Amino acid sequence: MAKILVTGAGGLLGADVSTYLRSKGHNIIGVVRQKDQVKQNNICIDLSEPKLELTKKLHGIEGVIHTAAVVPNKVSNPNNEQNKIHTQTLDQNIASFCIQEDIPVVYISSCGMYDLTSPLVKSETSPLVEVTPYHSAKISGELLFSRNKKAIIARIPSPYGPNMSAETVLNIFFRKAVNNDEITIWGSGKREQDFIHVRDISKFIERAIFSNEPGIYNVCSGKPISMIELAQECVKVCGAGKIITNDADCQEENYYPYFSTEKAKNILSWSHEIAITQGIESLLKTWKNDHD
């Protein structure tokens, strides 16, 4: 089995892919940014240090899964130029390390860079737009990692799982339902998102990293769900909660998160397995275990 470095090992995806690949027998070295996350072979390294020389700190690494980034949120990580530069520095350090070591890398990118105002299905060759500083950082990151002939770039839409941020809409809806609170739907409720469970992404990564099939892949469910349907699923699975509507305009109702997964299916024989109902059921199981 391989010795694999996972950056952002304390995050939503990084934690799951570390757990999953360890269960498959791989030796996982996780990089975290907080000392209290140092466990199960995790190490604390500040990847934001400019021109960090990782070859002096890490030895025998055979592949890298780079999930670390400054993902914007409303509380601590504004979507600004400073955090864009922070993310770019992380990318530069990891990209340089992979080139020096001549090893494959899976770079986690975003489907948010597609033109979501277009109703067309987006393939990996569809045009990209720099809507925000974060998306600009991801576009430059893709260009950087594309210089590595062993790089796999995974564009993901809305990942979810047990450790997802409290600010994600799925977590908000789920928490409201499980606590028998009101779930507010803004506008018509037709706004859609493509949710993909982190375990499906982890299985893609396992299949891709040593596949000798570099390139860009959409790693999505390919089955977007509207906000009203998502709320209904949360209420149904939890057996609690109430849906109410607010007529205020929702600016994202004319967004179209339609992504093709044909490339991943045809080249890597990968497709998502966890339907949204099953994913919410797993969230409920975790929640119950935590509250017993």
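Higher on the page you've got the structure.
Computed from a predicted model, the values in this text were never measured in an experiment. (Residues numbered from 1 in each chain as written. Predicted model: local features only at pLDDT ≥ 70, side-chain atom pairs only at ≥ 80, totals over all residues. Heavy atoms only, no water.)

Engineer: Can you help me understand the overall build of the chain in this one?
Structural biologist: In terms of helices and strands, the chain carries eight helices and 13 strands. In terms of its C-alpha atoms, the chain occupies a principal-axis envelope of roughly 55 × 45 × 40 Å. In the chain, which comprises 292 residues, the proportion classed as buried is 49%. Taking contacts inside the chain between residues at least 6 apart in sequence as the whole, the part at least 24 apart equals 79%. (Helix = DSSP H or I, 4+ residues; strand = E, 2+ residues; numbered from the N terminus. Buried < 20%, exposed > 50% of the residue type's maximum accessible area, 1.4 Å probe, protein only. Contact = heavy atoms within 4.5 Å.)

Engineer: Before we go on, may I ask you to explain the packing of helix α4 (residues 169–178) against helix α6 (residues 227–238) in this structure?
Structural biologist: Packed helix pairs are characterised by how far apart their axes lie and by the angle those axes make with each other. The interhelical angle for the contact between α4 and α6, taken along N-to-C directions, is 40°, at an axis separation of 9 Å. Pair α4 / α6 crosses with right-handed handedness. Each of Val169, Leu170, Phe173, Phe174, Ala177 and Val178 in α4 lies in contact with α6, whose residues at this interface are Met227, Leu230, Ala231, Cys234, Val235 and Cys238. In terms of residue class, the contact of α4 with α6 is built from 12 nonpolar, no polar and no charged. (Axes fitted to C-alpha atoms, helices over the stretch in contact; angles between N-to-C directions. Left-handed = near helix turned anticlockwise from the far one by under 90°. Nonpolar A, V, L, I, M, F, W, Y, C, P; charged D, E, K, R; others polar.)

Engineer: What is the right way to look at the pattern of salt bridges in this model?
Structural biologist: Any two side chains of opposite charge can pair, so long as their charged atoms come close to each other. Enumeration over the complete set of coordinates arrives at seven salt bridges. Between Glu142 and Arg155 there is a salt bridge, and its shortest N-O distance comes to 2.7 Å. One end of the pair, Glu142, is in helix α3 (residues 133–145); the other, Arg155, is in strand β6 (residues 151–156), with 13 residues separating them in the sequence. Take Glu142 and Arg155: they sit in the same class, and that class is buried. Measuring nitrogen to oxygen at the nearest pair gives 3.5 Å for the salt bridge that ties Glu233 to Lys236. In this pair, Glu233 and Lys236 are both assigned in helix α6, three residues apart and thus about one turn of the helix distant. With relative accessibility at 56%, the residue Lys236 sits in the exposed group. (Salt bridge = Lys/Arg side-chain N within 4 Å of Asp/Glu carboxyl O.)

Engineer: Is there a simple way to explain empty space enclosed by the protein in this structure?
Structural biologist: Empty space among the atoms becomes apparent when a probe as large as a water molecule is rolled across them. Applying the stated criterion to the full structure yields one cavity of 30 Å³ or more. For the largest cavity, the calculated volume is near 40 Å³. Every residue along the wall of the largest cavity is listed here: Val70, Pro72, Pro78, Asn79, Asn80, Asn83, Lys84, Thr87 and Tyr134. Per element, the largest residue contribution to the lining of the largest cavity is three residues, and it comes from helix α2 (residues 81–101). (1 Å grid on protein atoms, 1.4 Å probe; cavity = no way out; pocket = protein on both sides within 12 Å on 5 of 7 lines; lining within 4 Å. Points joined across faces, edges and corners; volume = space filled by probe spheres on them.)

Engineer: I tried to follow the side chain of Ser136 on my own but got confused; where do I start?
Structural biologist: Take Ser136: it is sitting in helix α3. For Ser136, a relative accessible area of 10% translates into the label buried. In this structure the side chain of Ser136 is engaged in a polar contact, spanning 3.2 Å, whose partner is the side chain of Glu130. Discounting residues that sit within four places of it in the chain, Ser136 has contacts with Lys84 and Glu130. (Polar contact = N/O pair within 3.5 Å; in protein donor to acceptor, adjacent residues only side chain to side chain.)

Engineer: Mind showing me how you'd approach the sheet that holds strand β1 (residues 3–7) here?
Structural biologist: Read across the open sheet, the seven strands follow the order β3-β2-β1-β4-β5-β6-β11; overall the sheet is parallel. Every other strand in the sheet has two partners, leaving β3 (42–44) and β11 (215–218) as the edge strands with one partner each. Averaged over all pairs of adjacent strands, the angle between their axes in this sheet comes to 20°, without regard to strand direction. Sheet topology places strand β4 (residues 63–66) next to strand β5 (residues 105–110); three bridges connect them, and they run parallel. The residue of β5 that forms the bridge with Ile65 is Val106. In the packing of α3 onto the sheet, the strands contacted are β4, β5, β6 and β11, and the crossing angle to β5 comes to about 155°. Contacts from helix α5 (residues 198–208) reach β4, β5, β6 and β11, with the element oriented near 165° to β6. (Pairing = 2+ DSSP bridges.)

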